[in-house]
Amino acid sequence: MKNKTLLIVMTILLIGSFFLSSCGQAQAQTIKIGVNAELTGDVPKIGEGTKYAAEMWLEDVKAAGGLEVGGKKYPVELAIEDNESKAESAAAANTKLITQDEVLIIIGPQASKQAVPAGEIANNYETPMISPWSTNPNTTKDRPWVFRACFLDPFQGPVVANFVTQEFGFTKAGVLYDVASDYSKGLAEFFKEAWEKQHGAGSVVAYESFTTKDTDFSAQLTKIKDAGAEFLFTPQYYNEVGLIVKQAHQLGFNSPIVGSDSWGSAELIPLCGSDCYGLYFSTHYAAAGATGATKAFIDRYQQKYGYVPDDVAALTWDAFGLAQMAIQNCGKLTGDLKVDRKCVRDALSQIKEFDGITGKMDFSQGNDPIKCAVIVKIDDQGQFTFYKQACP
Amino acid sequence: MAFFLQNVINALQWGSFYALIALGYSMVYGVLMLFNFAHGDIFMTGAYIGFFVATGFLGLSASGILVLPNWLILILTILISMFLTSLVGMAVERIAYRPLRNAPRASAAITGLMVGIILETGNLAILGARRQKFPDLIASQTYQFNGVSITNTKIMIVLVSIGLMLALNFFVRRTKWGMAMRAMAYDFLIVPLMGVSINFIAAMTFGLGSALASAAGILFGIAYPVLDPYMGIIFGWKAFVAAILGGRGSILGAALAGFLLGFIEIFVATIFPSTLRDLIAYSIILIILTFRPHGFFGEPYSAQLRL
């Protein structure tokens, strides 16, 4: 009996606290920014970079006494949600941020697998969203409320194809990709298209796939080697790259292995080790040898968190820069979320050019920026060094 | 020919893992008529325990307190982790299964799923979502024979797996404890009346299965050095398929079916587009089971001499 009473009292208290807290949020004159990040699941390092960059930005805003909009300073709050690196959780996280946390704008998710479904939610609820790192075209396609801070895969695919053709003069390509990931599948297709345009049909001699969570690629790699591929293109995330590269070497495939921006995590070298030295991938920026604002960001991040920020962190920083610019350009905040979200979206769409730490972004073609890609070489210390730039 | 041989070698390595894990499923089912669905996560736990033991030894070596050659570290890691993981397995049996031994079978199966989730999320809570890299205990060396690449790690993995299976077979066939296990598998109502403790045998069975899973985890870590908390789920399911395919409760069957599963997966991916690998591989197994519903070495329940 006693226990039952206690249970009821606890339940009432719990429900009551929910009401109280939600009332409190509605009254405060704060700007809430949602972050939808891959904190757990397959690519936790991506979520970590996102969170750290967001916290650094918040630190700056706090130091300035808040975000100034139309001559008035507003305190800023971050609502960080974990999407577990799953498509359905990313959609759920966005719904929660929009309806429960009542955020003004959402930054994230990063990976296309999450960003494509999450973008659908943001667009339906008419809430602006910026994905810093998602390169798949579907993320922003026919979605006026969704933006991004990076280049697209239809651009990245040809960049890699051109690079290999010019650098090595190869004509036979092997591709290994995850068929269950929007990002990998999309990029593999764009690469194949670009490569076959240059070298004719059938020049992709092996086009092999696997599904997320697979660890053994020996059958696929044996096929690729047997088909006479002169190099391997594998647009995979850092946790798989280590396994693929190592197994390829063990099977006697010693030709170059080329990757895409999903390689560029600070975690790549700890997992892959010396097997990855000397390989190339296309990405958004190269940390080694950066200058100006980029260098300032890298140094600050490294001092704070103990490692060189990867492209996700840098792009997240730029996405926050874009969000800040849009909110400030908006002029004034009414407190009515529907009106304010529309205002921020319109302001975002009116930004024509943005000078970020990952390079100049040209938004003249809509919600996707036109910007340059970088080819990075992994040197013998495992550092990502600038090798080449490719601009549209 | 080289292409074919290469795939045979790939399949042998891949099948070893399925075989080692399937044995754990099969033994527990044989003795207790219970599917231990937490077994895939015991495999994961074993891999992590191996990771910590190996890292500890390497740390001792590096600091000069206890300098050991890497091959010795490997052997010690396997033995110590097998022991520690068998304790985990016995604890799971004691805490989660024993209180439910007379409960409906479905409750016990659900318990296994819950223990699995607890192990996964417990790991996530303690270590975080970051991937761990299994240390390189033996430098991988690649040998080439007429276009076939074989590494020292692959040879070692296959040999150690087969060795462990033979040891298990010896234990079950030639020792008193093994005899008690087989007797319990035959009839777990009568045998306790003869003075054999069912609790002891159940704990031992779980311990043995977990030790094998731990060895599989360490060998897996050597071959695929990226560990994550969810690595055991799908792998556990597939090994479970192997255990059923081999005939429930049959040690030889589980071992052979594990290798067969490895061969089917590798060769399907080789012959057909790799996108269709699991679709075709598991359709084949479904067809095999349609014609042999009790697996290769299983017999209908009434006549079954399990183990």
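Draft legend 1. Structural context of the overall build of chain A. Along its length, chain A carries 12 helices and 16 strands. Taken against the 2.2 N^0.38 rule, which gives 21 Å for 392 residues, the C-alpha radius of gyration of chain A at 22 Å falls within 12% of a compact globule. Along the first, second and third principal axes, the C-alpha atoms of chain A reach 70 × 60 × 40 Å. Burial statistics for chain A: of 392 residues in total, 58% are counted as buried. Chain A carries 35 positive and 46 negative side-chain charges, and their two centres are separated by 4 Å.

Draft legend 2. Seen up close, the pattern of salt bridges. Following the criterion strictly, the structure yields 30 salt bridges over all chains and no others. Among the ionic pairs, Asp42(A) bridges to Lys213(A), the shortest N-O distance being 3.0 Å. Here the residue Asp42(A) occupies a position in the loop between β1 (31–37) and α2 (44–63), and Lys213(A) occupies one in the loop between β9 (204–210) and α7 (218–226), the gap between them amounting to 171 residues. Using a relative accessible area of 37% as the deciding quantity, one classes Lys213(A) as partly exposed. The partner of Asp346(A) in a salt bridge is Arg345(A), and the shortest N-O contact between them spans 3.2 Å. Owing to a relative accessible area of 15%, Arg345(A) belongs among the buried residues under this scheme. When salt bridges with common partners are traced through the structure, they connect Asp214(A), Lys238(B), Glu265(B), Arg277(B) and Asp278(B) into a single cluster.

Draft legend 3. Up close: helix α4 (residues 112–124) of chain A. All names here are of chain A. An ideal rise of 1.5 Å per residue puts 18 Å on 13 residues; α4 measures up with 18 Å between its terminal C-alpha atoms. Buried residues of α4: Ser112, Gln114, Ala115, Val116, Ala118, Gly119, Ile121, Ala122 and Asn123, and no others. Summarising the contacts, the buried residues of α4 are in contact with β1, α3 (87–100), β6 (129–131), β7 (146–148) and α6 (182–199). Looking one or two places after α4, you find Glu126, whose phi comes out positive at around 55 degrees.

Draft legend 4. Spatial organisation of the sheet that holds strand β8 (residues 173–178) of chain A. Residue and element names in this part refer to chain A. Across the sheet, which stays open at both edges, the seven strands sit in the order β9-β8-β10-β11-β12-β15-β16 with mixed pairing between neighbours. Bordering the open sheet on either side are β9 and β16 (384–390), each of which pairs with just one other strand. Ignoring strand direction, the axes of neighbouring strands in this sheet form an average angle of 25 degrees. Where β8 lies against strand β10 (residues 231–233), three bridges are found, and the strand directions are parallel. Its bridge partner lying in β10, Gly174 is registered against Leu232. Each of β10, β11 (257–259), β12 (280–283), β15 (373–378) and β16 touches helix α5 (residues 153–168); the most contacted strand, β16, lies at about 100 degrees to it. Contacts between α6 and the sheet are confined to β8, β9 and β10, with β8 contributing the most and set at about 165 degrees to the helix.

Draft legend 5. A look at the sheet that holds strand β5 (residues 105–107) of chain A. Residues and elements named next belong to chain A. Pairing within the open sheet is parallel, and its five strands lie in the order β4-β1-β5-β6-β7. Unpaired on one side and paired on the other, β4 (76–82) and β7 mark the two borders of the sheet. With direction set aside, neighbouring strand axes in the sheet form an average angle of 25 degrees. In the sheet, β5 pairs with β6 via two bridges, with the strands oriented parallel. In the sheet register, Ile106 faces β6, and the bridge partner there is Met129. Where α2 meets the sheet, it contacts β1 and β4, and its direction lies at approximately 175 degrees from that of β4. Packing of helix α11 (residues 311–329) onto the sheet brings it into contact with β1, β4, β5, β6 and β7, and relative to β5 it is tilted by some 165 degrees.

Draft legend 6. Main features of the interface of chain B and chain A. Listed as interface residues are 35 residues of chain B and, on the opposing side, 30 residues of chain A. Where chain B touches chain A, the interface holds five salt bridges. Among the ionic pairs, Asp228(B) bridges to Lys213(A), the shortest N-O distance being 3.8 Å. Where the side of chain B that touches chain A is concerned, the elements lending two or more residues are α1 (2–32), β1 (132–133), β2 (142–145), β3 (148–151), α5 (152–174) and α9 (251–271) of chain B. The element contributing the most residues to the side of chain B that touches chain A is α1(B), with six residues. When the residues that make up the side of chain B that touches chain A are grouped by side-chain class, the tally is 13 nonpolar, 15 polar and seven charged.

Draft legend 7. Summary view of the packing of aromatic side chains. With the rule as written, the count across this model stands at 48 aromatic pairs over all chains. Aromatic pair Phe4(B) and Phe267(B): ring centres 5.6 Å apart, planes at 50 degrees, arrangement tilted. Taken together, the residues span a long stretch of sequence, with Phe4(B) in helix α1 and Phe267(B) in helix α9 at a distance of 263 residues. On the accessibility criterion, Phe4(B) (44% relative accessible area) is partly exposed. Classification of Phe267(B) as buried rests on a relative accessible area of 17%. Put simply, the rings of Phe163(A), Phe168(A), Phe170(A), Phe191(A), Trp195(A), Phe231(A), Phe233(A), Tyr280(A) and Tyr387(A) pair up and form one aromatic cluster.

Draft legend 8. Up close: empty space enclosed by the protein. By the definition in use, this model includes five cavities of 30 Å³ or more. Put simply, the largest cavity is a space of about 110 Å³. Listed by contribution, the elements that provide at least two residues to the lining of the largest cavity are α4 and α8 (238–250) of chain A. Tallied by class, the residues present in the lining of the largest cavity amount to three nonpolar, six polar and four charged. Of the residues that make up the lining of the largest cavity, three or more belong to each of domain 1 (2–151 + 292–371) and domain 2 (153–283) of chain A. The calculated volume of the second largest cavity comes to roughly 70 Å³. As for the second largest cavity, its lining consists of Leu32(B), Leu34(B), Glu93(B), Tyr97(B), Leu100(B), Arg101(B), Arg105(B) and Ala108(B). Elements with a contribution of two residues or more to the lining of the second largest cavity: α3 (70–97) and α4 (105–127) of chain B.

Definitions and limits used
- Residues numbered from 1 in each chain as written.
- Chains lettered and ligands numbered in written order.
- Predicted model: local features only at pLDDT ≥ 70, side-chain atom pairs only at ≥ 80, totals over all residues.
- Heavy atoms only, no water.
- Helix = DSSP H or I, 4+ residues; strand = E, 2+ residues; numbered from the N terminus.
- Rg over C-alpha atoms; globule rule 2.2 N^0.38 Å.
- Buried < 20%, exposed > 50% of the residue type's maximum accessible area, 1.4 Å probe, protein only.
- Lys, Arg positive; Asp, Glu negative; His and termini not counted.
- Charge placed at Lys NZ, Arg CZ, Asp CG, Glu CD.
- Salt bridge = Lys/Arg side-chain N within 4 Å of Asp/Glu carboxyl O.
- Expected span 1.5 Å × (residues − 1).
- Contact = heavy atoms within 4.5 Å.
- Pairing = 2+ DSSP bridges.
- Axes fitted to C-alpha atoms, helices over the stretch in contact; angles between N-to-C directions.
- Nonpolar A, V, L, I, M, F, W, Y, C, P; charged D, E, K, R; others polar.
- Phe/Tyr/Trp six-rings, centres within 6.5 Å; stacked < 30°, edge-to-face > 60°.
- 1 Å grid on protein atoms, 1.4 Å probe; cavity = no way out; pocket = protein on both sides within 12 Å on 5 of 7 lines; lining within 4 Å.
- Points joined across faces, edges and corners; volume = space filled by probe spheres on them.
- Domains from an automatic or database assignment.

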